[in-house]
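# Summary of structural features
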Amino acid sequence: KREGKNRWCLFDPREDEAAAAHAELIADVRRALAAGNEFRLFLQPRVALTDGTIRGAEALLRWQHPQRGLLAPAAFLPAIELDEVMNTLGDWVLDEALRLLQQWHDAGHRAWMLSVNIAARQLRDPSFAERLGQRLARHPQLDPRRLELEIVESSALEGIDALERLLEQCRRLGVAIAIDDFGTGYSSLAYLKRLPASVVKVDQSFVRDIFDDASDLRIVEGVVALGQAFGLRVVAEGVETAAHGEWLLRLGADEAQGYGIARPMPADAWASWVASWQPPPSWQRWRSIARS
Ligand code: C2E
Ligand code: MG
Ligand code: MG
Ligand code: MG
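Structure report, in brief. Just so we're clear, the structure is a prediction, and the values are computed from it rather than from any experiment.

Conventions and cut-offs
- Residues numbered from 1 in each chain as written.
- Chains lettered and ligands numbered in written order.
- Predicted model: local features only at pLDDT ≥ 70, side-chain atom pairs only at ≥ 80, totals over all residues.
- Heavy atoms only, no water.
- Donors = N, O, S within 2.8 Å, 3.2 Å for Na, K, Ca; no water.
- Helix = DSSP H or I, 4+ residues; strand = E, 2+ residues; numbered from the N terminus.
- Near = heavy atom within 4 Å.
- Polar contact = N/O pair within 3.5 Å; in protein donor to acceptor, adjacent residues only side chain to side chain.
- Areas by Shrake-Rupley, 256 points an atom, 1.4 Å probe, with all protein chains shown as cover.
- Buried < 20%, exposed > 50% of the residue type's maximum accessible area, 1.4 Å probe, protein only.
- Right-handed = clockwise from strand over helix to strand, strands pointing away.
- Pairing = 2+ DSSP bridges.
- Contact = heavy atoms within 4.5 Å.

Bound to the magnesium ion (ligand 2) are the protein donor atoms Glu58 (OE), Asn117 (OD1), Glu150 (OE) and Asp180 (OD), situated 2.0 to 2.2 Å from the metal. Each donor residue of the magnesium ion (ligand 2) lies on one chain, and together they are spaced E-x58-N-x32-E-x29-D. In this structure, the magnesium ion (ligand 2) lies 3.8 Å from the magnesium ion (ligand 3), and both are coordinated by Asp180. Of this pair, Glu58 sits in strand 2 (residues 54-65) while Asn117 sits in strand 4 (residues 113-117), placing them 59 residues apart in sequence.

Written out as structure tokens, the structure is:
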């Protein structure tokens, strides 16, 4: 009936089931948000490739589900990404990230950045920047430059002009912007040219396979060169081994993130990771590469 009069459509029971599961998941996310203690931010460190200095972390969402256990974003985000509840969850992520930044600040760690992933749905809200400003105002001691918003290419739902305007507003608040998963979408070059970003993140799927796949290596080389040409800091995701790090440094990347440094960890494990972090011995060698 929604489609208007005089129209037929076939009824597919599988579609009906999928829609029901979808609605159920959305309701479950709302329940969890109300319960207040099921979502968590895990932290994955980002370090300088030259000497292993900790630059900060990316906040990665997890759901400690009472029946299903610890869920990664792939298990629930795709299903809710386009729903209104994504905004509520996204707001929770921002609040929690600011709370963690405040903890770092209070402990004297005032140079680390914390990056959060922002879903396209959140950027469709024209009041996003204004509301972000209100959140930042609740933490008057925090330097907004410590917060970084990771944006993916699919965020230009309303066109790149609208996204550029909105991100300019965020930028004026002082927060940093990173282009995430670079190279996996279709409008990469326009993004580099138009968006007020200071960081580009090379997608994990390309970095991981540089030793096995010559085209992935070429893509990574190209992205690093492009990032540099645009004056952006280049962060390599998916750095799984010291050899990956060494190559990325040779190619000119600035920072690394990946299982080779640390897996995402609960926020309360961060301090002890920091205390125990030692760059792999081969990084001494990288230093001399960086200098030459
Ligand atoms: P992303 O932003 O590209 O985050 C990096 C993903 O790569 C994370 O997966 C991380 O655990 C994984 N990863 C890091 N290092 C390595 C490595 O060396 N090897 C491999 N194979 N994987 C690595 P995760 O945590 O499952 O998150 C997946 C995606 O979910 C994220 O990709 C991001 O797009 C989305 N996401 C996570 N948290 C949030 C959030 O709070 N809000 C929104 N909107 N999206 C989020
Ligand atoms: Mg990210
Ligand atoms: Mg990424
Ligand atoms: Mg990714």
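Don't stop here, the text continues.
Near ligand 1, the surroundings consist of 24 residues, among which Arg62, Asn117, Asp180, Glu240 and Tyr259 are the closest. Residue Asn117 places a side-chain N or O atom 2.8 Å away from an oxygen atom belonging to ligand 1. A total of 800 Å² of accessible area belongs to ligand 1 in isolation, and the protein chains cover 84% of it. Among the elements of the structure, strand 2, helix 3 (85-106), strand 6 (176-182) and helix 8 (204-208) are those that each provide at least two residues to the shell around ligand 1. Ranked by residue count, the leading element in the shell around ligand 1 is strand 2, at four residues.

Once that is clear, we can look at the pairing of strand 6. Where burial is concerned, most of strand 6 is hidden: six out of the seven residues are buried. Read as a crossover between parallel neighbours, the route from strand 5 (residues 147-151) over helix 6 (residues 160-173) to strand 6 is right-handed. Note that strand 6 and strand 7 (residues 199-202) share three bridges and pair parallel. When the bridges of strand 7 are listed, Phe182 appears paired with Val202.

Here strand 7 runs beside strand 8 (residues 233-236); their pairing, made up of four bridges, is parallel. By the bridge assignment, Val202 is partnered in strand 8 with Ala236. Inspection of the sheet shows strand 8 paired to strand 9 (residues 255-256) by two bridges, in the parallel sense. For Ala236, the partnering residue across the bridge sits in strand 9 and is Ala256. As for the winding sense of the linkage, the β-α-β connection from strand 8 through helix 10 (residues 242-251) to strand 9 is right-handed.

Turning our eyes to something else, we now look at the environment of His139. Along the chain, His139 falls in the loop between helix 5 (128-137) and strand 5. Through-space distance from the C-alpha of His139 to that of Arg208 is 37 Å; in sequence the pair is 69 residues apart. Residues in contact with His139, not counting those within four places in the same chain, are Leu98, Arg99 and Gln102.

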